[in-house]
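# Residue-level structural notes
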Amino acid sequence: QVNQVIFLNYLMKLKAGAKSELTFVGSLFALGLIVFWDTWRIELPEINLTISPKLFPYIVSILLMLLSSVLFIQVLRGDVALPEGLEPGGKIEKSDLRTFSIVLASLFAYLLLIERGGFVIANTVTFIGISYSFGNKNLIKATGIAVLLSTIIYFSFTKFLNVALPSGIFKGLM
């Protein structure tokens, strides 16, 4: 318990920006763990292969966890990156949580809509949300551009490249 208090006090005294870097490094390590676990669950094919299909995902996951551990130690030692455009010793501005939240909500909407609504609907909603979060106030123009680009991409992939994209509510029409 005493070690936890010491560690938490140490975290509170980190340089500005170190906590966000630790969060990023922690998420990279978690991604490495997820890839490792997912690779471990893969069932191997019955055919005899020279190289297992698990080899490269294992290498990537182990390297990701190893490098994120090195970065974690560097950040704890005080080696914090400087945000782009900031002079050494300058004040680090707080993150724009509103923009981040809208972008994150748009990406979650994409996940929820891709199978139900289809590619065109999911892409359109995501495009509108992200363009709004970055300051676009003309949502009608954004909607037109999103529908046009999503439709072009959908037909390019499905008709010309023969890559199946979810049609969702437009099943049978597209």
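Residues numbered from 1 in each chain as written. Predicted model: local features only at pLDDT ≥ 70, side-chain atom pairs only at ≥ 80, totals over all residues. Heavy atoms only, no water.

## Comments concerning the overall build of the protein chain
Stated precisely, the cut-off is as follows: To qualify as a helix, a DSSP run of H or I must reach at least 4 residues; to qualify as a strand, a run of E must reach at least 2; elements of each kind are numbered from the N terminus. For each residue, the accessible area found with a 1.4 Å probe, counting protein chains only, is set against the maximum for its type, and the residue is called buried under 20%, exposed over 50%, and partly exposed in between. Throughout, a contact is declared for two residues whenever any of their heavy atoms are within 4.5 Å. All accessibility values rest on the Shrake-Rupley procedure with a 1.4 Å probe; residue burial counts only the protein chains present in the view.
Each helix and strand counted, the protein chain has 6 helices and 0 strands in total. Here the protein chain holds 174 residues, and 21% of them are scored as buried. Within the protein chain, contacts between residues at least 6 apart in sequence are counted, and of these 57% link residues at least 24 apart. Total accessible area on the protein chain is roughly 13100 Å²; 69% of this is exposed by carbon and sulfur atoms.

## Focus: the packing of aromatic side chains
Selection rule: Any two of the Phe, Tyr and Trp rings considered here, Trp counted by its six-membered ring, make a pair once their centres fall within 6.5 Å; the pair's planes then place it as stacked at under 30 degrees, edge-to-face at over 60, or tilted in between.
Under the criterion given, the structure shown has 3 aromatic pairs. Residues Tyr 154 and Phe 155 carry aromatic rings whose centres are separated by 5.5 Å and whose planes lie at 80° to one another, so their mutual orientation is edge-to-face. The exposure class assigned to Tyr 154 is buried, which follows from its relative accessible area of 4%. Judged by relative accessible area, Phe 155 falls into the partly exposed class, the value being 31%. Here a set of aromatic residues connected by ring pairs shows up, and it is made of Phe 119, Tyr 154 and Phe 155.

## Let's talk about helix α5 (residues 119-133)
Let me state the cut-off plainly: The span expected for a helix works out to 1.5 Å for each residue beyond the first.
Here α5 spans 21 Å end to end across 15 residues, near enough to the 21 Å set by a 1.5 Å rise per residue. What α5 keeps buried is the set Phe 119, Val 120, Ala 122, Asn 123, Thr 124, Thr 126, Gly 129, Ser 131 and Ser 133. Buried residues in α5 make contact with α4 (97-116) and α6 (139-160). One or two residues past the end of α5 sits Gly 135, with phi positive at roughly 105°.

## Some words on the confidence of the model for the protein chain
Low pLDDT means the predicted coordinates in that region are not meant to be read closely. Note the threshold: Every residue gets a pLDDT, meaning the predictor's confidence in that residue, from 0 to 100.
Per-residue confidence for the protein chain gives a mean pLDDT of 85, with 84% of residues at or over 70. Mean pLDDT in the protein chain bottoms out at helix α1 (residues 2-12), which sits at 61, and peaks at α5, which reaches 95.

## Focus: unusual backbone geometry
The backbone phi angle of Asn 162 is positive, close to 55°, even though this residue is not glycine. Tracing the backbone through its elements, the reader meets Asn 162 in the segment after α6.

## Topic: a nonpolar patch on the surface
Note the cut-off: Any residue with relative accessible area above 30% and no salt bridge may belong to a patch, with like charges joined within 9 Å and the nonpolar Val, Leu, Ile, Met, Phe, Trp and Tyr side chains within 5 Å. Note on definitions: salt bridges are taken to be side-chain nitrogens of Lys or Arg within 4 Å of carboxyl oxygens of Asp or Glu.
Together, Phe 127, Ile 145, Leu 149, Ile 153, Phe 157, Phe 160, Leu 161 and Val 163 give the surface a local cluster of nonpolar side chains, amounting to about 710 Å² of exposed area. If you tally residues by element for the nonpolar patch, the top one is α6, at 5 residues. Structurally, the position occupied by Val 163 is in the segment after α6. On the basis of relative accessibility, which here comes to 36%, the residue Val 163 falls in the partly exposed class.

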